[in-house]
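# Structural overview for review
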Amino acid sequence: KFYSYENKKLPVSPDDTQKQKRREKNAKMMLDGIREGIANGLMVYSHTEDETLAGTSIGEELFVARDIMLAKEAGVPIHLCHISTKGSLEIIRRAKAEGLKVTAETGPHYFIFDKSARGENGNRKMNPPLRNPEDVEAVKVALKDGTLDAIATDHAPHSKEEKECSYEKSLNGVVGLETSFAASLTYLYHTGKISLLKLSELMSVNPRKLLGLEPVYIREGSQADICIADINKEWIVEPGKLHSKSHNTVFKGEKFKGKPVITISKGKIIYSEKN
């Protein structure tokens, strides 16, 4: 194994590698980081993965439990990213019932696809990976009952060469900015799982709260920050038509019902489907 430094490859002994891993996963370092971040007015976001158990459910669940306990010890809030397992959700649900300041998010692919959809498709490789069917159902329930506070994209662009290869060789990550609303609308609203109001909370209201941003109001005299959508417009995801420079979408060929048609930011139209 090697560490790269100024374009040089420096050999590293197995013992040094293990020491580095221990430093990276040191619970005290995380506790100190949580305290330091909050003291400086920063929100703490946890990636929730034990890299020694990467790709496994227990690898996520261990760090969900650990970081909640560390935040409890420090007496501060913590946000948990891209939650994907039933076990993690059970831990978060118990923590919230206890009154701890824990918030969490997931991504659309975790309530739409299970691991049977993976195949050898590099565009369906992300971290955490697609899970079991029971995990997919648990995520849907958690979005409805408030265990999960937000739907995020975990947007991770990659080149064609990095993704259109074998599953094992491809890099983790998928793009999601242009498909997250349509995917959520199709699989949560149009299936009767949640209301439009709940979807708005998960994708707009709650994320702004988590980031400490002022709420947006639709009223005369307010600055317009609005997305206008046709909630019944049907369309098929064609990677080549996405606006991102990267086309590594997990939803290639998927048929969605609902699509943003106009986006207004700071009072200006920055996107229109007609243009």
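Scroll up to find the structure.
These lines cover the structure that appears in this document, whether it is placed above or below.

## As for the overall build of the chain
In terms of regular secondary structure, the chain is built from eight helices and nine strands. For the chain, whose C-alpha radius of gyration is 20 Å, the value lies close to the compact-globule estimate of 19 Å for 275 residues. Seen along its three principal axes, the alpha-carbon backbone of the chain occupies a region of about 60 × 45 × 40 Å. In the chain, the proportion of contacts linking residues at least 24 apart, taken out of those at least 6 apart, comes to 66%. Entry remark: accessible area of the chain is about 15,800 Å², with carbon and sulfur atoms responsible for 53%. For the chain, the centre of its 42 positive side-chain charges and the centre of its 38 negative side-chain charges are spaced 1 Å apart.

## Observations concerning the sheet that holds strand 8 (residues 255-265)
Across the sheet, which stays open at both edges, the three strands sit in the order 7-8-9 with antiparallel pairing between neighbours. The open sheet has two free edges, formed respectively by strand 7 (226-236) and strand 9 (268-272), since each of these has just one partner strand. Mean inter-strand twist for the sheet, computed between neighbouring axes without regard to direction, equals 25 degrees. Strand direction decides the pairing type here: strand 7 and strand 8, joined by eight bridges, are antiparallel. Paired with Ile 236 across the bridge in strand 8 is Lys 255. Relative to the sheet, helix 7 (residues 180-189) contacts strand 7 and strand 8, its axis offset from that of strand 8 by approximately 135 degrees.

## Observations concerning a nonpolar patch on the surface
On the surface, Tyr 45, Leu 211 and Leu 213 cluster together to form a nonpolar patch covering roughly 300 Å² of accessible area. Position of Tyr 45 among the secondary structure elements: in strand 3 (residues 45-46).

## Remarks on the packing of aromatic side chains
Taken as a whole and judged by the stated rule, the model has three aromatic pairs. An angle of 35 degrees between the planes, with centres 5.7 Å apart, marks the rings of Phe 113 and Phe 251 as tilted. Remark: Phe 251 occurs in the loop between strand 7 and strand 8 and Phe 113 occurs in the loop between strand 5 (102-106) and helix 5 (133-145); sequence separation between them is 138 residues. The exposure class of Phe 251 is buried, given its relative accessible area of 2%. With centroids separated by 5.3 Å and ring planes inclined at 70 degrees, the aromatic side chains of Phe 251 and Phe 256 adopt a geometry described as edge-to-face. This pair shows no difference in class: Phe 251 is buried, exactly as Phe 256 is. Above the face of the Tyr 167 ring, Arg 118 is positioned so that its terminal group lies 4.0 Å from the ring centre. One cation-aromatic arrangement involves Lys 259 over Trp 235; the distance from NZ or CZ to the ring centre is 4.6 Å.

## A word on the pattern of salt bridges
Pairing between side chains becomes possible if they bear opposite charge and their charged atoms approach one another. Here the structure, examined in full by the defined rule, presents eleven salt bridges. For Glu 234, the salt bridge identified is with Lys 255, shortest N-O distance 3.4 Å. Highlighted residues: Glu 234 in strand 7 and Lys 255 in strand 8, separated in sequence by 21 residues.

## Observations regarding the nonpolar core
Formed by 43 residues in total, the largest nonpolar core has its most connected members in Ile 68 and Leu 80. Elements supplying a minimum of two residues to this core: helix 2 (27-39), helix 3 (57-74), strand 4 (78-80), helix 4 (86-97), strand 5, helix 5, helix 7 and helix 8 (196-210). Leaving out residues up to four positions away in the same chain, Leu 80 has contacts with Ser 46, Thr 48, Val 64, Ile 68, Ile 92, Val 102, Thr 103, Ala 104 and Glu 105.

## What to know about the sheet that holds strand 4
One open sheet holds the four strands; their spatial order is 3-4-5-6, and the pairing between them is parallel. Because the sheet does not close on itself, it has two edges, and the strands there are strand 3 and strand 6 (150-151). By the bridge criterion, two bridges tie strand 3 to strand 4 in an arrangement that is parallel. Across the sheet, the residue bridging to Ser 46 is Leu 80, located in strand 4. Contacting strand 4 and strand 5, helix 4 runs over the sheet at an angle of about 150 degrees to strand 5.

About the cut-offs
Residues numbered from 1 in each chain as written. Predicted model: local features only at pLDDT ≥ 70, side-chain atom pairs only at ≥ 80, totals over all residues. Heavy atoms only, no water. Helix = DSSP H or I, 4+ residues; strand = E, 2+ residues; numbered from the N terminus. Rg over C-alpha atoms; globule rule 2.2 N^0.38 Å. Contact = heavy atoms within 4.5 Å. Areas by Shrake-Rupley, 256 points an atom, 1.4 Å probe, with all protein chains shown as cover. Lys, Arg positive; Asp, Glu negative; His and termini not counted. Charge placed at Lys NZ, Arg CZ, Asp CG, Glu CD. Pairing = 2+ DSSP bridges. Axes fitted to C-alpha atoms, helices over the stretch in contact; angles between N-to-C directions. Patch = residues over 30% accessible without salt bridge, like charges linked within 9 Å, V, L, I, M, F, W, Y side chains within 5 Å. Salt bridge = Lys/Arg side-chain N within 4 Å of Asp/Glu carboxyl O. Phe/Tyr/Trp six-rings, centres within 6.5 Å; stacked < 30°, edge-to-face > 60°. Buried < 20%, exposed > 50% of the residue type's maximum accessible area, 1.4 Å probe, protein only. Lys NZ or Arg CZ within 6 Å of the ring centre and 35° of its normal. Core = buried A, V, L, I, M, F, W, Y, C linked by side-chain atoms within 4.5 Å.

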